[in-house]
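# A structural walkthrough
Listed here are the chains, written in short residue letters.
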Amino acid sequence: MTKILAVNAGSSSLKFKLLEMPEESVIAEGVIERIGVDLDQDNNVTIKFNGEKHKQRKHFDNHEQAINLMLNQFKELGIVKDFNDIKGIGHRVVAGGEWFNKSVLVNDEVLKKIERLASYAPLHNPANALGIKAFSKIIPDATEVAVFDTAFHQTMPRENYLYAVPYEYYTKYGVRRYGAHGTSHKYVSEQAAKFLNKPLDQLKLITLHLGAGASVAAIKNGKSFDTSMGFSPLAGLIMGTRSGDVDYSLVDYVKNKEGLSDEEILNILNHKSGLLGISTISSDMRDLLDVYDTNDHAKLAVDMFVDRVVEYIGRYYFELQGADAIVFTAGIGENSVPIRKMVVEKLRFLGIELNQEANEQRGKDTLISTEDSKIKVLMIPTNEELEIARDVENLMQAK
Ligand code: ADP
């Protein structure tokens, strides 16, 4: 039995899940927020263990202090006897560029590359690097692994990852589609193959990761073939606050009309657009569905979201030349009965039928299409932390 910690370090937060491997059971999980920023009235530390939530409010100057508190809490609660009980740590890293097509053991060179890739993910990679450094200091004997959000999509063929801009921008600056949510798309594709009892390398899958951030992937024989997020996670589907695909000319036009800086317009596209921008009331799908019948803007935002998802399914159905299954996952994909219904009903012409009763199911892998549906539709809860822990375990064994 080995304890492995999956870590997601943000600029002011740290999310973590401690797993027992190879049993794949969750021992504890939690989140620390407001690292390096002033506290508000709320508790900023939550650790879930044995069905109980342990909360507190504490100021941290940096990630190292936050990690120390987390580990000391683990000791106090009896989750570990010693920090060294944690044998492996898997760090979620947002941008891996073209340097990383799979998870790797962390060393100085890997850490330097993660820091250099900050120009692709300015908010995330520096925070991910901070998390790695802090753990190396506190538990130097643990095996640290970097798991990249982009790695799974490195198998895309160049006709799918290139933009039709002067080619030299690709060779000089690495301008291309990198995608994101790779760990989730990979996990649900593996689960889908198990569920369907077919070898993954013989399947064509369209996976829909629909959360606050959302992306679609076309997966051919277990490899990412195309994905909706682009050079950054701003592209593709309509998201909670992100616009997804827009015509670049409108960006420039609005920028000039409103007298905005580059930074301001990017902020609007990332944080004030999407479901929030159209509905004008909320970025949360639940709020919009609650008033779908009475608020025209909420209805419009939801309908546009559904249409964009269907548009991408169509695109990838053709790109893959068919599909064996469509998989729903993440916050909206796993929990929203009406969104799945709206999407699947628009696919009826492909011979896809929804099983209404199965669509009410929650929390476990489920076939939500009818048995004779031409393409299977699945709901599979994602588990990025488990996928991370599996990678850490595999790399520890290979060491
Ligand atoms: P992320 O990891 O990208 O932050 P999640 O995958 O946790 O996001 O998804 C969060 C989103 O899921 C919320 O913003 C909310 O819109 C949506 N969501 C969660 N539960 C439901 C539900 N029952 N119905 C509709 N949407 C839901």
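These lines cover the structure that appears in this document, whether it is placed above or below. Quantities reported herein were computed from a predicted structural model and do not represent experimental measurements. Note on numbering: residues in each chain are counted from 1, in written sequence order. Thresholds applied to this predicted model are a pLDDT of at least 70 for local features of residues and 80 or more for the giving and counting of side-chain atom pairs; totals over whole chains, interfaces and linings are not thresholded and use all residues. Think of the side-chain values as coming from all heavy atoms in the structure, minus any hydrogens and water.

## Brief notes about the environment of threonine 2
Put simply, DSSP H or I for four residues or longer makes a helix, DSSP E for two residues or longer makes a strand, and each gets a number counted from the N terminus. Residue placement: threonine 2 occurs in strand E1 (residues 2-9). On a C-alpha basis, the gap between threonine 2 and aspartate 85 in space is 8.1 Å, while along the polypeptide they are 83 residues apart. Residue contacts follow a heavy-atom distance rule, with two residues in contact if any of their heavy atoms lie within 4.5 Å. Ignoring sequence-local partners within four residues, the contact set of threonine 2 consists of Leu19, Glu20, Met21, Lys87 and Met396.

## So, the nonpolar core
Judged by nonpolar contacts, the single largest core of 42 residues is most densely connected at Ile206, Leu208, Leu210, Phe305 and Val343. Broken down by secondary-structure element, the contributors of at least two residues to this core are strand E9 (204-210), strand E10 (214-220), helix H10 (285-290), helix H11 (296-319), strand E12 (325-329), helix H13 (337-345) and strand E14 (376-379). Here this core gets 10 residues from one element, more than from any other, and that element is H11. Apart from residues no more than four positions distant in its own chain, valine 343 is found in contact with Val306, Val309, Val310, Ile313 and Phe328. Definition of nonpolar core: a set of buried residues of the types Ala, Val, Leu, Ile, Met, Phe, Trp, Tyr and Cys, connected through side-chain atoms within 4.5 Å. Type-normalised accessible area, obtained with a 1.4 Å probe on protein chains alone, sets the label of each residue: buried when under 20%, exposed when over 50%, and partly exposed for intermediate values. By size, the runner-up hydrophobic cluster in this structure holds 30 residues, among which are Val7, Leu18, Phe60 and Ile139.

## Structural notes on the site of the ligand
The local shell around the ligand consists of Gly211, Ala212, Gly213, Asp284, Met285, Arg286, Ala330, Gly331, Ile332, Asn335, Ser336 and Arg362. Within the backbone of methionine 285, one N or O atom sits 2.9 Å away from an oxygen atom of the ligand. Residue burial considers only the protein chains on display, and all accessible areas are found by Shrake-Rupley using a 1.4 Å probe. Contact with the protein chains hides 66% of the accessible area of the ligand, taken as 570 Å² for the molecule alone. Those elements giving two or more residues to the shell around the ligand turn out to be H10 and helix H12 (330-335). Per-element tally for the shell around the ligand: the top contributor is H12, with 4 residues. Nearness here has a simple test: a residue counts as near a molecule or strand if at least one of its heavy atoms is within 4 Å of that partner. We call two N or O atoms a polar contact when they sit within 3.5 Å, provided that within protein one can donate a hydrogen and the other can accept it, with sequence-adjacent residues counted only if both atoms are side-chain atoms.

## Re the sheet that holds E1
Strands qualify as paired when DSSP identifies two bridges or more between them. The 8 strands lie next to each other as E5-E4-E3-E2-E1-E6-E8-E7, forming an open sheet whose pairing is mixed. One side of each edge strand has no neighbouring strand; the edge strands of this open sheet are strand E5 (52-56) and strand E7 (104-105). Orientation is described by lines fitted to C-alpha atoms, with helices fitted over the stretch in contact, and by angles between N-to-C directions that extend from 0 to 180 degrees. The sheet contacts of helix H14 (residues 384-398) involve E1, strand E2 (14-21), strand E6 (86-93), E7 and strand E8 (143-148), and relative to E2 the element is tilted by about 55 degrees.

## Topic: H11
The span one expects for a helix is its residue count, reduced by one, times 1.5 Å. Helix length check: H11 (24 residues) gives 34 Å between terminal C-alpha atoms against 34 Å at 1.5 Å per residue, within 8%. Looking at H11, one finds that the buried residues are Ala298, Ala301, Val302, Phe305, Val306, Arg308, Val309, Val310, Tyr312, Ile313 and Tyr316. The opening residue of H11 is asparagine 295, an N-cap whose side-chain oxygen sits 2.9 Å from the backbone nitrogen of histidine 297. With its phi angle positive at about 60 degrees, glutamine 321 sits one or two positions after the end of H11.

## So, the environment of serine 336
Locating serine 336 in the fold gives a position in the loop between H12 and H13. Sequence spacing of serine 336 and leucine 210 is 126 residues, and the spatial spacing of their C-alpha atoms is 9.8 Å. Residues in contact with serine 336, not counting those within four places in the same chain, are Leu289 and Gly331.

## Some words on the pattern of salt bridges
Side-chain pairs of opposite charge can arise whenever the charged atoms involved come near each other. Every case where a carboxyl oxygen of Asp or Glu lies within 4 Å of a side-chain nitrogen of Lys or Arg is listed as a salt bridge. The final tally for this structure, using the stated rule, is 21 salt bridges. Salt-bridge contacts for arginine 176 lead to glutamate 98; the nearest nitrogen and oxygen are separated by 2.7 Å. Of the two residues, arginine 176 sits in the loop between helix H5 (168-173) and helix H6 (182-196) while glutamate 98 sits in the loop between E6 and E7, which places them 78 residues apart along the sequence. The class for arginine 176 is buried, based on a relative accessible area of 1%. Judged by relative accessible area, glutamate 98 falls into the partly exposed class, the value being 40%. For arginine 390, the salt bridge is made with glutamate 190, and the minimal N-O distance between the two is 3.9 Å. Of this pair, arginine 390 sits in helix H14 while glutamate 190 sits in helix H6, placing them 200 residues apart in sequence. When its relative accessible area of 14% is taken as the criterion, arginine 390 is described as buried.

## Digging into the pairing of strand E4 (residues 45-49)
Along E4, 4 of the 5 residues are buried, which leaves the element largely enclosed by surrounding structure. Bridge count for strand E3 (residues 25-32) against E4 is 5 bridges, and the pairing is antiparallel. Bridge pairing links glycine 30 to isoleucine 47 in E4. With 5 bridges connecting them, E4 and E5 associate as antiparallel partners. Bridged to isoleucine 47 within E5 is histidine 54.

These values are about where atoms sit, not about what they do.
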